[in-house]
Amino acid sequence: DQQVKQNSPSLSVQEGRISILNCDYTNSMFDYFLWYKKYPAEGPTFLISISSIKDKNEDGRFTVFLNKSAKHLSLHIVPSQPGDSAVYFCAAIAGAGSYQLTFGKGTKLSVIP
Amino acid sequence: DAMVIQNPRYQVTQFGKPVTLSCSQTLNHNVMYWYQQKSSQAPKLLFHYYDKDFNNEADTPDNFQSRRPNTSFCFLDIRSPGLGDAAMYLCATSREGVEQETQYFGPGTRLLVL
């Protein structure tokens, strides 16, 4: 049973436009969420995170929004750049003292110049 | 630069022949993890070390073992690799305390079983 779901396997966006990557979760115990970016032949790189006590966190071009009632989070990239083309993984963790990150299957973002 | 290093990047082994994958870190993090990621799948946690304490996930096969001789190094041993064990193996680290939920990953070792 997938507890973290990224329903769009791929997304194409024009350079300069907004990229929106979505993630849904089912486990109400999750209280911390992370986004990772992964280039081919490399490991996932931490991008941005959000605690369940917040509904928004911003870092430069990247903003993560959390809707706890809907068990949904999204990553916004504005403006999108060709270098943002990668696979983006949503991950969640449940509770202080938990060390298990539960990942989604990823969304492949292609930013078209 | 502080980092997580995995060697080798690619490993070919034969069916049933033991293989060891290596991970080292210069971040001085006290927690280290091993994940398995198969094609188009989410990374799956196999086990983690909290300092010297080993924590196995309930569904990790006995075929997978790990050693952590010191803070900087962690090894993944696959005792008798099967064809289904072909995957990317990711090592990660984290630090207890502030932002302890954030895990930092190495580049991975891609294992091929012939």
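In what follows, the accompanying structure is described. Keep in mind that this is a model prediction, so the values were computed, not measured.

1. Considerations on the environment of B:C23
Residue and element names in this part refer to chain B.
Move 1: The residue C23 is located in strand β3 (residues 19-25) in this model.
Move 2: Under the relative-accessibility criterion, C23 is labelled buried at 1%.
Move 3: It is 10 Å that separates the C-alpha atoms of C23 and R67, two residues lying 44 residues apart in sequence.
Move 4: What C23 contacts, discounting residues up to four positions off in sequence, is V4, I5, Q6, M32, W34, S72, F73, C74 and C91.

2. Details of the interface of chain A and chain B
Move 1: Counting residues at the interface gives 18 residues for chain A, matched by 22 residues for chain B.
Move 2: Interface area for chain A against chain B, summed over the two sides, is near 1700 Å², with a carbon-plus-sulfur share of 59%.
Move 3: The largest share of the area that chain A buries against chain B comes from A:Y99, A:F103 and A:K105, three residues that together contribute 35% of it.
Move 4: Counting across the chain A and chain B interface gives 0 salt bridges.
Move 5: Where chain A meets chain B, there are 5 residue pairs in polar contact (both at pLDDT 80 or more).

3. Let's talk about the state of the cysteines
Residue and element names in this part refer to chain A.
Move 1: Enumeration according to the criterion identifies 2 disulfides over all chains in this entry.
Move 2: Here C23 pairs with C90 through a disulfide, and the sulfurs are 2.1 Å apart. Judged by the torsion about the S-S bond (-75 degrees), the C23/C90 disulfide is left-handed. Here C23 is found in strand β3 (residues 19-25), whereas its partner C90 is found in strand β9 (residues 86-94), with 67 residues between them in sequence.
Move 3: Judged by relative accessible area, C23 falls into the buried class, the value being 0%.

4. A few points about the side chain of A:H76
Residues and elements named next belong to chain A.
Move 1: Locating H76 in the fold gives a position in strand β8 (residues 72-77).
Move 2: Here H76 falls in the buried class, since its relative accessible area comes to 17%.
Move 3: Reaching out from H76, the side chain makes a polar contact with the side chain of S74 at a distance of 3.3 Å.
Move 4: Dropping the residues within four chain positions of it, H76 is found in contact with I18, S19, I20, R61, F62, T63 and F65.

Calculation notes
- Residues numbered from 1 in each chain as written.
- Chains lettered and ligands numbered in written order.
- Predicted model: local features only at pLDDT ≥ 70, side-chain atom pairs only at ≥ 80, totals over all residues.
- Heavy atoms only, no water.
- Helix = DSSP H or I, 4+ residues; strand = E, 2+ residues; numbered from the N terminus.
- Buried < 20%, exposed > 50% of the residue type's maximum accessible area, 1.4 Å probe, protein only.
- Contact = heavy atoms within 4.5 Å.
- Buried area = accessible area lost by both parts, 1.4 Å probe.
- Salt bridge = Lys/Arg side-chain N within 4 Å of Asp/Glu carboxyl O.
- Polar contact = N/O pair within 3.5 Å; in protein donor to acceptor, adjacent residues only side chain to side chain.
- Disulfide = S-S within 2.5 Å.

Keep in mind that these numbers describe shape and distance, not what the molecule does.
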